Amino acid sequence: MARTLKVFKNEQHSTAFFALLPSFAVFLVFTLYPLLYSLSISFTDAGLLKQGSTFIGLSNYVKLFKDPTFWKAMLNTLIYTVAVVPVANALSFMLALALNRKLALTPIYRTAFFMPVVASTASVATVWFLFYDPFYGGFNALMAKIGISGPAWLSDPSWALAGIIIMAIWKNLGYSMVIYLAGLQDIPKDIYDAAALDGAYGQRLTRYITIPLMGRIFSFTMIISTIRSFQVFSQVRIMTGGGPTNSTLVAVYYIYRQAFESPYRLGYASAAAWVVFLVLGILAVLEARTMRRIEQ
Amino acid sequence: MAEVILKGVTKKFGKTVAVSGLDLEVKDKELLVLVGPSGCGKTTTLRMIAGLDDPDEGEIFIEGKSMKGVEPKDRDIAMVFQNYALYPHMDVYNNMAFGLKMQKMPAAEIEARVKEAAKILGIEDLLERKPKALSGGQKQRVALGRAIVRKPRVFLMDEPLSNLDAKLRVQMRAELSRIHKRIGATIVYVTHDQTEAMTMGERIVLMKDGIIQQQGEPMQLYDDPVNIFVAGFIGSPSMNLIDGKIRNTYDGACFDSGDLTISLPEKRFGSLASRDGLDVVLGIRPEHIEDAEFAPMGADRAVLGATADVVEPMGSETLLYVTAKGGTQVTAKVNPSTKAAFGKPVTLSADLTKAHLFDRATGLAMK
Ligand SMILES: Nc1ncnc2c1ncn2[C@@H]1O[C@H](COP(=O)(O)OP(=O)(O)OP(=O)(O)O)[C@@H](O)[C@H]1O
Ligand SMILES: [Mg+2]
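None of these values were measured; they are calculated from a predicted model.

Basis of the calculations
Here the residue numbering is sequential within each chain, running from 1 through the sequence in written order. Each chain is given a letter, starting from A, and each ligand a number, starting from 1, according to the order in which they appear as written. Only residues with pLDDT of at least 70 are given local features in this predicted model, and only at 80 or more are side-chain atom pairs given and counted; all residues enter the totals for whole chains, interfaces and linings. The side-chain numbers reported here are obtained from all heavy atoms of the structure, hydrogens and water having been left aside. Being near a molecule or strand, for a residue, means having at least one of its heavy atoms within 4 Å of it. Whenever a nitrogen or oxygen atom comes within 3.5 Å of another N or O atom, the pair is scored as a polar contact, on the condition that within protein one atom can donate a hydrogen and the other can accept it, and that pairs from neighbouring residues in sequence are kept only if both atoms are in side chains. Where accessible areas are quoted, they stem from the Shrake-Rupley method and a 1.4 Å probe; at the residue level, only the protein chains shown are allowed to cover. Strands here mean DSSP runs of E at least two residues long; helices mean DSSP runs of H or I at least four residues long; both are numbered from the N terminus. In this description, contact between two residues means that some pair of their heavy atoms is separated by no more than 4.5 Å. A carboxyl oxygen of Asp or Glu within 4 Å of a side-chain nitrogen of Lys or Arg is what we treat as a salt bridge. Throughout, the ten residues Ala, Val, Leu, Ile, Met, Phe, Trp, Tyr, Cys and Pro are labelled nonpolar, Asp, Glu, Lys and Arg are labelled charged, and all others, Gly among them, are labelled polar. With water omitted from the atoms examined, metal sites may look incomplete; donors here are N, O and S atoms no farther than 2.8 Å from the metal, or 3.2 Å in the case of Na, K and Ca. Partly exposed describes any residue whose relative accessible area lies between the buried limit of under 20% and the exposed limit of over 50%, with all areas from a 1.4 Å probe on protein chains only and scaled to the type maximum. Strands pair, by our definition, only if DSSP identifies at least two bridges between them. Only C-alpha atoms enter the line fits that serve as axes; for helices the fit covers just the stretch in contact. Angles between N-to-C directions range over 0 to 180 degrees. Grid points spaced at 1 Å and placed over the protein atoms alone form the basis of the search, with a cavity being a set where a 1.4 Å probe fits but cannot get out and a pocket an open set showing protein on both sides within 12 Å along at least five of seven lines. Lining residues have an atom within 4 Å of a point. Grid points are joined across faces, edges and corners, and a volume is the space filled by probe spheres set on the points. Convention used here: angles under 35 degrees read as roughly parallel, angles over 145 as roughly antiparallel, angles from 65 to 115 as roughly perpendicular, and any remaining angle as oblique. Left-handed describes a crossing whose near helix is turned anticlockwise from the far helix through less than a right angle; right-handed describes the clockwise counterpart. Note: the arc covers the axis-to-C-beta directions of the helix. For our purposes a nonpolar core is just a set of buried Ala, Val, Leu, Ile, Met, Phe, Trp, Tyr and Cys residues, chained together by side-chain atoms within 4.5 Å.

(A) View of the site of ligand 1. Residue and element names in this part refer to chain B. Every residue close to ligand 1 is listed here: Phe13, Thr16, Ala18, Ser38, Gly39, Cys40, Gly41, Lys42, Thr43, Thr44, Gln82 and Glu159. Glycine 41 places a polar main-chain atom, nitrogen or oxygen, 3.0 Å from an oxygen atom of ligand 1. Note that an oxygen atom of ligand 1 is positioned 2.7 Å from one of the side-chain N or O atoms of lysine 42. For ligand 1, whose free accessible area comes to 630 Å², the fraction covered by protein is 61%. Of all the secondary structure elements, the ones that give two or more residues to the shell around ligand 1 are β2 (16-26) and α1 (42-50). A total of three residues in the shell around ligand 1 trace back to one element, the largest contributor, which is α1.

(B) Up close: the interface of chain A and chain B. Taken together, the contact pairs 17 residues of chain A with 21 residues of chain B. Taken together, chain A and chain B are joined by two salt bridges. Taken together, the links from chain A to chain B amount to nine residue pairs in polar contact (both at pLDDT 80 or more). A breakdown of the residues in the side of chain A that touches chain B according to their chemical character gives eleven nonpolar, one polar and five charged.

(C) Quick peek at the coordination of the magnesium ion (ligand 2). Residue and element names in this part refer to chain B. At this site the magnesium ion (ligand 2) is bound by Thr43 (OG1) and Gln82 (OE1), with donor distances of 1.9 to 2.3 Å. Within this pair, whereas threonine 43 is found in helix α1, its partner glutamine 82 is found in the loop between β6 (77-80) and α2 (92-102), the two being separated by 39 residues in sequence. Looking at glutamine 82, the relative accessible area reads 37%, which means it is partly exposed.

(D) Fine view of the sheet that holds strand β17 (residues 318-324) of chain B. All names here are of chain B. The five strands lie next to each other as β15-β19-β16-β17-β18, forming an open sheet whose pairing is antiparallel. Since the sheet does not close on itself, it has two edges, and those belong to β15 (289-291) and β18 (329-334), each with one partner. With direction set aside, neighbouring strand axes in the sheet form an average angle of 45°. The sheet contact formed by β15 and strand β19 (residues 345-351) spans three bridges and is antiparallel. In the sheet register, isoleucine 289 faces β19, and the bridge partner there is alanine 350.

(E) Examining empty space enclosed by the protein more closely. With the rule as written, the count across this model stands at two cavities of 30 Å³ or more. The calculated volume of the largest cavity comes to roughly 80 Å³. Together, Ile242, Leu260, Ile262, Ile284, Ile289, Ala302, Val303, Leu304, Val330, Ala350 and Leu352 of chain B line the largest cavity. Looking at the lining of the largest cavity element by element, the count peaks at three residues for strand β16 (residues 301-313) of chain B. Residue classes in the lining of the largest cavity are distributed as eleven nonpolar, no polar and no charged. In this structure, the second largest cavity encloses a volume near 60 Å³. Along the walls of the second largest cavity sit Ala194, Leu197 and Asp198 of chain A together with Ala78, Met79, Phe81, Ala143, Arg146, Ala147 and Arg150 of chain B, which together make up its complete lining. Among the elements of the structure, α8 (189-197) of chain A together with β6 and α4 (136-148) of chain B are those that each provide at least two residues to the lining of the second largest cavity. Residue contributions to the lining of the second largest cavity peak at three residues, all from α4 of chain B. Split into classes, the residues belonging to the lining of the second largest cavity amount to seven nonpolar, no polar and three charged.

(F) Region of interest: the packing of helix α12 (residues 251-260) of chain A against helix α13 (residues 266-295) of chain A. Residue and element names in this part refer to chain A. The geometry of α12 relative to α13 is characterised by a closest axis approach of 7 Å and an angle of 165° between their N-to-C directions. In terms of orientation, α12 and α13 fall into the roughly antiparallel class. Judged by the sense of rotation from one axis to the other, the crossing of α12 with α13 is left-handed. Along its contact with α12, which presents Ala251, Tyr254, Ile255, Gln258 and Ala259, the element α13 presents Leu266, Tyr268, Ala269, Ala272, Ala273 and Val276. Of the residues belonging to the contact of α12 with α13, the class tally is ten nonpolar, one polar and no charged.

(G) Broad picture of the sheet that holds strand β7 (residues 154-158) of chain B. Residues and elements named next belong to chain B. Read from one edge of the open sheet, six strands run β6-β7-β8-β3-β9-β10, paired in mixed fashion. The open sheet has two edge strands with one neighbour each: β6 and β10 (211-216). Each strand of the sheet is rotated relative to its neighbour by a mean of 15°, with strand direction disregarded. The sheet contact formed by β7 and strand β8 (residues 186-191) spans five bridges and is parallel. Pairing of leucine 156 across the sheet is with valine 188, part of β8. On the sheet, α4 packs against β6 and β7 and is oriented at approximately 175° with respect to β6.

(H) The arrangement of helix α2 (residues 59-66) of chain A in detail. Three or more residues of α2 of chain A are buried, namely Asn60, Tyr61 and Leu64 of chain A. Looking straight down α2 of chain A, one finds that the buried residues subtend no more than 95° of arc, so they occupy a single side.

(I) Region of interest: the nonpolar core. Counting residues in hydrophobic clusters, the biggest one holds 56 residues, and the most contacted among them are Phe70, Tyr132, Met239 and Tyr254 of chain A. Beyond its immediate sequence surroundings of up to four residues, methionine 239 of chain A is in contact with Ala125, Trp128, Phe129, Tyr132, Leu154, Ile164 and Met167 of chain A. Val33, Val80, Met172 and Ile234 of chain B belong to the second-largest nonpolar core, a separate cluster that totals 48 residues.

(J) View of unusual backbone geometry. Residue serine 262 of chain A is joined to proline 263 of chain A through a cis peptide bond whose omega torsion reads 10°. Within the secondary structure, proline 263 of chain A is located in the loop between α12 and α13. Look at the link from serine 236 of chain B to proline 237 of chain B: it is a cis peptide, with omega at -5°. Residue placement: proline 237 of chain B occurs in the loop between α8 (228-233) and β11 (240-249). Of note, the phi angle at glutamate 63 of chain B is positive, near 50°, even though the residue is not glycine. Of note, glutamate 63 of chain B is situated in the loop between β4 (57-62) and β5 (65-66). A positive phi is found at glutamate 159 of chain B, a non-glycine position, where the angle reads about 45°. In this structure, glutamate 159 of chain B sits in the loop between β7 and α5 (166-183).

(K) Focus on the pattern of salt bridges. Applying the stated rule across the entire model yields 22 salt bridges over all chains. A salt bridge links arginine 169 of chain B to aspartate 193 of chain B, with the nearest nitrogen and oxygen atoms 3.8 Å apart. Separated by 24 residues along the polypeptide, arginine 169 of chain B in helix α5 and aspartate 193 of chain B in the loop between β8 and α6 (194-200) bring together distant segments of the chain. Ionic pairing is found between glutamate 175 of chain B and arginine 178 of chain B, a salt bridge with its closest N-O pair at 3.3 Å. Highlighted residues: glutamate 175 of chain B and arginine 178 of chain B, both in helix α5, separated by three residues, approximately one helical turn. For arginine 178 of chain B, a relative accessible area of 49% translates into the label partly exposed. The structure contains a network of salt bridges with shared partners spanning Lys189 and Asp193 of chain A together with Arg47 and Asp53 of chain B.

Quick look at the structure:
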């Protein structure tokens, strides 16, 4: 055995190799292989119900770029992201600030805000679907109390995306909040003591001490939530099915439709997936750069 | 008149009593040194004066006003934290300027003050660095600078020189004394280093387990320690403390440790006739024990035969660590021309007019 495994410099290397092997195998089979496979079929006319496939070069991509529905889906995804990410993060940070103290009820509030994050999107979406019902739902009943007659939400093309966005903000609030809380608790107490003697308190403390010290965390949560936003799918599938008139059609749902609805164009869907992936990649890198510049 | 008064101040953390019934008066423009071993409550005391912690009992007054419910920012106090507590996201300049900016001071004056402090502390070249790019000693000087620029009525300094090398420490000590004289601020200076306490303090307060053991001018604590703890803490190397009993003989009282018998001169200790058999501790400072060869002759000296274990020439004097009869360990600070050598017998002579006696049961000095 010792002779056959000469590839390893020492015992530790071989231990590391075998320890990593299982998860590497999983990564290979369920991540890397499908990734490359999807790239390869994006150049073919592969279909879900079709035997075999033909290489058709870039025609899937050409067709995609000419499809106004795809661009509509991309635009909707962008609107969704631009609305959800900053608002949810700003609210989460304020919540974290409010809950970052030792009061009797704070653990209960923290749990309450985190519950929607761990609840399944499918069930939450179902509840909100009912909630948004213009006649029987709670949402418009609440608005009526303050004298506003609410829109028909999910069945009104100009309000449906807003409905999806509002729910997403609520559901994601707790996610960034826990990360912000962890970040806040990481700031050494001494720094606040020093700041207290230097005369920084209230908003000035938040502005000059807390926010700058959380810079890294902001970058992290902004990028992670951008990525998560781009992947929005389940609530659209359950609440609106992309409608009415594609007003809530988002990128992943578009891909899903191409692949799993007639005519089941797997090759075309893969091409769309790769374009979305690249756009998201570029966006995340740009965002990371901007955040780094702000940090300094 | 920035005097600080603590009346019966107690602070508990759960079951730990960090500070217990502290009565303390820091006079206006005084440099008071708070000294004591680790965990005796020095930092806790400073934090309560600063308003960062509230006392559980008792009250704190600054300029005669009770500080109950007064926020730290309204106390006009600057503190140098034991672990610096610099703002990691600000460069050195802004670390020092921050407090002034919060006061809305004009930028030109801020700059003048920061530059001046940086010059005094020798950190002018570091102004653009972030704290993580500084050494411990540099951080400590920035922390000091941050306090100095504020020109507050009270300075609280928690071991501000502990991380400096010996030379820089001596230099900074002198610099702090000069700053103190020039700006005439009230300073509470915490250290666990008795040398620093002796050299800097106009007055020393020695604490142990949250309780003040003794306070007074440095030489007062050195010459008249009220108990065994103070005797052992003040002075370097520490006082020799030997357990024994008082025994009365036909020519006066003597100290008897079983192996050593040392007569106790009446002119130092008074009559001990009534104390026959009492358990006591005899204390003699190393600097009051000389190599017999160089010691003056005199009635009030005890001569002691011993074997030298360690000989440490310091240049101006030599430290001897010896074992006397029966295994008693003794430290002596002797003339550098001593012929004492490792493993060789040496004869020492102790000046008993400078010796101390403590009641072993109470730990208190016997007068
Ligand atoms: N926040 C706290 N929670 C619990 N116990 C504490 C706290 N702060 C201090 N203590 C305890 O109170 C006592 C006094 O602590 P303090 O920090 O005042 O000591 P110190 O004299 O400054 O010691 P050192 O020289 O090591 O800095 C210690 O026993 C310490 O463990
Ligand atoms: Mg301390």
